[in-house]
Amino acid sequence: MSVSRGGGKRLIIAIDGPSGAGKSTITKLLADRLGYIHIDTGAMFRTVALAARRAGVSPDDQPALARLCNECTISFARTNGCCQVLLNGEDVSSAIRTPEISLLTSTISARKVVRDFLLELQRQMGSAGGVVLEGRDIGTVVFPDADVKFFLSASAEERGRRRYLELRARGEKISLDETIAAVVQRDRQDEEREHAPLRRAVDAIEIDSSGLSIEEVLERMTAVIEARLKGQGAGTSVRQPVGSF
Ligand code: DC
């Protein structure tokens, strides 16, 4: 399906959901179709976690985390159609994707000082519109007035299986059971944290990607966006049974 590019209103689109639901793939493709900027807020939290790890800063040391945030410059660059995340100008796109950094990010992203720092940066990056932001709290906290909000979900088993295949393809030695357990653990940490916990905004459209192909998810999203651009309502919930992505 094609979707109108340029010309009209440039929307702020929020895509929230748990890890492994397909947010990154979908957000990238959707942003490309719309000619919008893709902002991966999870990559920003991961980058702070990497910076903390390198500097030997404990996730429990809030003053040190605050200093670290003040000294960090996080930005995105696009080369050959690929989006890289930069920490003080260094491409850290691969370094932030290890299981160790994933777990540390889940802890560090619960810290208010880190959330406040990135909240400000995310609002600066997205407020002009023409953006698709992916994360956990975009529709609830960062842009509660976003033009379109999606909540992309999938079962923990399905998400663990996808993550397992990704990690194996990168040569990581990890079992499927360990990957599913890590997904469940991160869900719990993300949902139970005090600041900006993972939850669906009341006005977000839920899409369960378990039984859908990437193209089918995109079709559903672009239909909603087209309707919104034409000034129609965005509907409520789109759910599908469990299956493979
Ligand atoms: O989307 P991801 O798996 O790359 O996110 C990494 C971690 O960052 C994950 O534990 C949730 C957290 N996160 C968050 O708390 N808020 C966001 N807006 C994005 C990610």
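Data block above holds the structure.
Residues numbered from 1 in each chain as written. Predicted model: local features only at pLDDT ≥ 70, side-chain atom pairs only at ≥ 80, totals over all residues. Heavy atoms only, no water.

Q: I tried to follow the overall build of the protein chain on my own but got confused; where do I start?
A: For the protein chain, the count of helices and strands is nine helices and nine strands. Over its C-alpha trace the protein chain gives a radius of gyration of 17 Å, about what one expects of a compact globule, namely 18 Å for 245 residues. Of all 245 residues assigned to the protein chain, the portion counted as buried reaches 50%. Long-range contacts, defined as pairs at least 24 residues apart, comprise 76% of the intrachain contacts of the protein chain with a sequence gap of at least 6. For the protein chain, the accessible area works out to roughly 11400 Å², and carbon and sulfur atoms hold 51% of it. (Helix = DSSP H or I, 4+ residues; strand = E, 2+ residues; numbered from the N terminus. Rg over C-alpha atoms; globule rule 2.2 N^0.38 Å. Buried < 20%, exposed > 50% of the residue type's maximum accessible area, 1.4 Å probe, protein only. Contact = heavy atoms within 4.5 Å. Areas by Shrake-Rupley, 256 points an atom, 1.4 Å probe, with all protein chains shown as cover.)

Q: What is the right way to read the sheet that holds strand β3 (residues 74–79) from this model?
A: Strands in a sheet are paired, the pairing made by backbone hydrogen bonds, and the direction either parallel or antiparallel. As summarised here, the arrangement of the three strands in space is β3-β4-β5, forming an open sheet in which the pairing is antiparallel. Edge positions in the sheet fall to β3 and β5 (90–91), since each has one partner strand and no second. (Pairing = 2+ DSSP bridges.)

Q: Would you mind going over the site of the ligand with me for this structure?
A: Taken together, 17 residues surround the ligand, and among them R46, R115, R136, R186 and R193 come closest. Contacts to the ligand include D137, whose side-chain N or O atom sits 3.0 Å from a nitrogen atom. With respect to the ligand, the side chain of R193 contributes an N or O atom lying 2.7 Å from an oxygen atom. Protein burial of the ligand: of its 450 Å² of free accessible surface, 97% is covered by the chains. Assessed atom by atom at 2 Å from the grid points, the ligand resides in the largest pocket. At the level of secondary structure, the elements contributing two or more residues to the shell around the ligand comprise α2 (41–55), α4 (99–108) and α8 (176–192). (Near = heavy atom within 4 Å. Polar contact = N/O pair within 3.5 Å; in protein donor to acceptor, adjacent residues only side chain to side chain. 1 Å grid on protein atoms, 1.4 Å probe; cavity = no way out; pocket = protein on both sides within 12 Å on 5 of 7 lines; lining within 4 Å. Sits in = over half its atoms within 2 Å of the grid points.)

Q: Explanation requested: the layout of surface pockets in the structure shown.
A: Which parts of space are left empty comes out when a probe the size of a water molecule is rolled across the atoms. Each pocket or cavity is described by its volume, and for the largest pocket that value is around 940 Å³. Lining the largest pocket we find 42 residues, and of these S24, D40, R46, R97 and E134 sit closest to its centre. At the level of secondary structure, the elements contributing two or more residues to the lining of the largest pocket comprise α1 (23–34), β2 (37–40), α2, β4 (82–87), α4, β6 (131–135), α7 (156–169) and α8. Here the element with the most residues in the lining of the largest pocket is α2; it accounts for five residues. Class assignment of the residues belonging to the lining of the largest pocket gives a composition of nine nonpolar, 16 polar and 17 charged. Estimates place the volume of the second largest pocket at around 270 Å³. (Points joined across faces, edges and corners; volume = space filled by probe spheres on them. Nonpolar A, V, L, I, M, F, W, Y, C, P; charged D, E, K, R; others polar.)

Q: Where do I start with the packing of α4 against α8 in this structure?
A: A pair of packed helices is characterised by two quantities: the angle between their axes and the separation of those axes. Contact geometry of α4 with α8 gives a least axis separation of 9 Å together with a crossing angle of 15°. When the interaxial angle is binned, α4 and α8 end up roughly parallel. Viewed along their axes, α4 and α8 form a crossing whose handedness is left-handed. On α8, the residues touching S102, L103, S106 and T107 of α4 are Q185, R186, Q189 and D190. (Axes fitted to C-alpha atoms, helices over the stretch in contact; angles between N-to-C directions. Parallel < 35°, antiparallel > 145°, perpendicular 65-115°, else oblique. Left-handed = near helix turned anticlockwise from the far one by under 90°.)

Q: Looking at this model, I keep getting lost on the nonpolar core. Mind explaining?
A: The nonpolar side chains of a soluble globular protein tend to be buried with one another. By size, the foremost hydrophobic cluster in this structure holds 36 residues, and its most contacted members are V48, I74, I108, V114 and L118. Contributions of two or more residues to this core are made by β1 (12–16), α2, α3 (62–71), β4, α4, α5 (112–126), β6 and α6 (138–142). Sort the elements by how many residues they give to this core and α2 lands first, with eight residues. Not counting residues up to four positions away in its chain, the partners in contact with V48 are L68, C69, I74, I108, V114, F117 and L118. The next biggest cluster of nonpolar side chains, apart from the first, holds 21 residues, and it includes I15, I26, V132 and F150. (Core = buried A, V, L, I, M, F, W, Y, C linked by side-chain atoms within 4.5 Å.)

Q: Explanation requested: the packing of α2 against α4 in the structure shown.
A: α4 packs onto α2 with a crossing angle of 105° between their chain directions and a minimal axis gap of 8 Å. Compared by their axis directions, α2 and α4 come out roughly perpendicular. Across the interface between the two elements, F45, R46, V48, A49, L50, A52 and R53 of α2 pack against E100, I101, S102, L104, T105 and I108 of α4. Split into classes, the residues belonging to the contact of α2 with α4 amount to eight nonpolar, two polar and three charged.

Function cannot be read off these values alone, since they describe shape.
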